[in-house]
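Letter by letter, the chains look like this.
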Amino acid sequence: MIELTPDECRVLGVLIEKAQTTPAQYPLTLNALQAGANQKSNRDPILAMSEEQVLEALDSLRGKALVREVMLSGSRVEKFRHTAREGLEVSTAELVILAELLLRGPQTAGELRSRASRMHPLESMEVVTNVLEHLSERPEPYVRRLSPAPGSRAARFAQLLCPDLHALEASPAASGAAPAVGETGEASLARRVEALEAEVKEVRKAIERLEAVLGRA
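Computed from a predicted model, the values in this text were never measured in an experiment.

Colleague: Tell me what's going on with the overall build of the chain, and back it up with residues and numbers.
Modeller: Scanning the chain for helices and strands turns up nine helices and six strands. Residue burial in the chain is summarised as follows: out of 217 residues, 41% are buried. Taking as baseline every contact in the chain between residues at least 6 positions apart, the subset at least 24 positions apart corresponds to 54%. Within the structure as shown, the chain displays about 11600 Å² of accessible surface, and the carbon and sulfur contribution to it stands at 54%.

Put into structure tokens, the structure is as follows:
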């Protein structure tokens with residue numbers, strides 16, 4: 001199986017994300033890619049990658065057939081696009097789930113649906129569950145299931161392209177503990193609110209399904 005370094009994970013995750021969310025600005029220049037790698041939203045941890053680090057990651061990703069350089073007509077600077085769909089042999093739904101795990105670490109299926117849907121439609125929890133099962137049941141799995149965070153019954157999932165990229169134990173936001181070193185109280189609160197919102201959405205949908213069943217009874 002392809003193995004990635006932490007810097008490669010961030011660069012590849014950004015390329016996948018931007019291809020899906022801002023196609024008009026894709027492929028990315030080196031400057032845009034560096035800015036995406038270091039942005040403060042939708043990232044965990046927040047990094048300060050140098051231009052040299054981004055270039056080194058791009059070079060190694062090219063060697064793994066996951067990135068290629070392009071020169072568009074009328075452009076004076078080289079740009080970069082990912083070839084991860086072909087290189088990893090995954091569907092678009094599987095690709096955005098992997099990108100979300102690369103950019104933010106272990107998450108529940110509900111969190112993944114809420115967050116990855118900004119990149120590609122994930123119509124239901126069943127869709128997300130099927131994607132995660134497919135990724136975890138490959139001959140060389142890309143994802144594995146983790147135990148729930150303290151106080152939660154929802155299993156979490158982690159990517160295996162770079163197993164040491166994130167801590168696999170429950171995050172402080174999930175367990176209610178103090179923020180991690182380097183994480184502000186505001187960032188911790190934002191993560192907790194986002195996770196709660198995802199759970200509330202799923203509860204509401206479950207209630208709606210129950211009401212529909214009772215209404216037909």
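Colleague: Describe in detail the pattern of salt bridges, supporting the description with residues and values.
Modeller: Here the structure, examined in full by the defined rule, presents eight salt bridges. For Glu17, the salt bridge goes to Arg43, with nearest N and O atoms at 2.6 Å. One end of the pair, Glu17, is in helix H1 (residues 6-21); the other, Arg43, is in the loop between helix H2 (30-38) and helix H3 (51-63), with 26 residues separating them in the sequence. A residue is classified by how much of its surface remains accessible, and Arg43, at 7% relative accessible area, is buried. Across the salt bridge formed by Arg104 and Glu100, the nearest N and O atoms sit 3.6 Å from each other. Here Arg104 and its partner Glu100 are both found in helix H5 (residues 92-104), four residues apart, which amounts to about one turn of the helix.

Colleague: Tell me about the sheet that holds strand S6 (residues 156-159), residues and numbers included.
Modeller: Across the sheet, which stays open at both edges, the three strands sit in the order S4-S6-S5 with antiparallel pairing between neighbours. In this open sheet, the two edge strands, each paired with only one partner strand, are strand S4 (107-108) and strand S5 (143-146). In the sheet, S5 pairs with S6 via four bridges, with the strands oriented antiparallel. Each bridged residue has a counterpart across the sheet, and for Arg144 the counterpart in S6 is Ala158. Each of S4, S5 and S6 is contacted by H5, which is oriented at about 90 degrees to S6, the strand it contacts most.

Colleague: Tell me what's going on with the sheet that holds strand S2 (residues 67-70), and back it up with residues and numbers.
Modeller: Spatial ordering of the open sheet is given by S1-S3-S2, a layout of three strands whose pairing is antiparallel. The strands lining the two open edges of the sheet, one partner per strand, are strand S1 (28-29) and S2. This element, H1, spans S1, S2 and strand S3 (79-82) of the sheet and lies at about 90 degrees to S3.

Colleague: Mind laying out the confidence of the model for the chain, listing which residues take part and the relevant values?
Modeller: For the chain, the mean per-residue pLDDT works out to 87, and 82% of the residues sit at or above 70. Considering only residues more than four positions removed or in separate chains, one finds that residues 171-185, a stretch of pLDDT under 50, has 18 contacts.

Colleague: So what's going on with the nonpolar core? Which residues, and what values?
Modeller: The tendency in soluble globular proteins is for nonpolar side chains to be buried side by side. In terms of nonpolar packing, the biggest core is built from 48 residues, with Val11, Leu58 and Ile97 touching the most fellow members. Sorting the residues of this core by element identifies H1, H2, H3, helix H4 (84-88), H5, helix H6 (109-116) and helix H7 (125-136) as the ones contributing at least two each. Looking at this core, the element that brings in the most residues is H5, giving nine residues. Aside from chain neighbours lying at most four places away, what touches Val11 is Leu33, Met49, Val54, Ala57, Leu58 and Leu61.

Colleague: Explain H7 residue by residue, including any values.
Modeller: Between the first and last C-alpha of H7 there are 16 Å, a value that for twelve residues agrees with the 16 Å anticipated at 1.5 Å per step. Of all the positions in H7, only Val128, Val131, Leu132 and Leu135 are classed as buried. The arc enclosing the buried residues of H7, seen along the axis, measures out at 95 degrees, which places them on a common side. Tucked inside the fold, the buried residues of H7 contact H5, H6, S5 and S6.

Colleague: Lay out the packing of H6 against H7 with the relevant residues and their values.
Modeller: Running from N to C, H6 and H7 cross one another at 105 degrees; their axes reach a closest spacing of 10 Å. Taken together, H6 and H7 sit at an angle that is classed as roughly perpendicular. For the pair H6 and H7, the contacting residues are Ala109, Gly110, Leu112 and Arg113 in the first and Met125, Val128 and Leu132 in the second. Residues of the contact of H6 with H7, tallied by class, amount to five nonpolar, one polar and one charged.

Criteria and thresholds
- Residues numbered from 1 in each chain as written.
- Predicted model: local features only at pLDDT ≥ 70, side-chain atom pairs only at ≥ 80, totals over all residues.
- Heavy atoms only, no water.
- Helix = DSSP H or I, 4+ residues; strand = E, 2+ residues; numbered from the N terminus.
- Buried < 20%, exposed > 50% of the residue type's maximum accessible area, 1.4 Å probe, protein only.
- Contact = heavy atoms within 4.5 Å.
- Areas by Shrake-Rupley, 256 points an atom, 1.4 Å probe, with all protein chains shown as cover.
- Salt bridge = Lys/Arg side-chain N within 4 Å of Asp/Glu carboxyl O.
- Pairing = 2+ DSSP bridges.
- Axes fitted to C-alpha atoms, helices over the stretch in contact; angles between N-to-C directions.
- pLDDT = per-residue confidence, 0-100.
- Core = buried A, V, L, I, M, F, W, Y, C linked by side-chain atoms within 4.5 Å.
- Expected span 1.5 Å × (residues − 1).
- Arc of directions from axis to C-beta.
- Parallel < 35°, antiparallel > 145°, perpendicular 65-115°, else oblique.
- Nonpolar A, V, L, I, M, F, W, Y, C, P; charged D, E, K, R; others polar.

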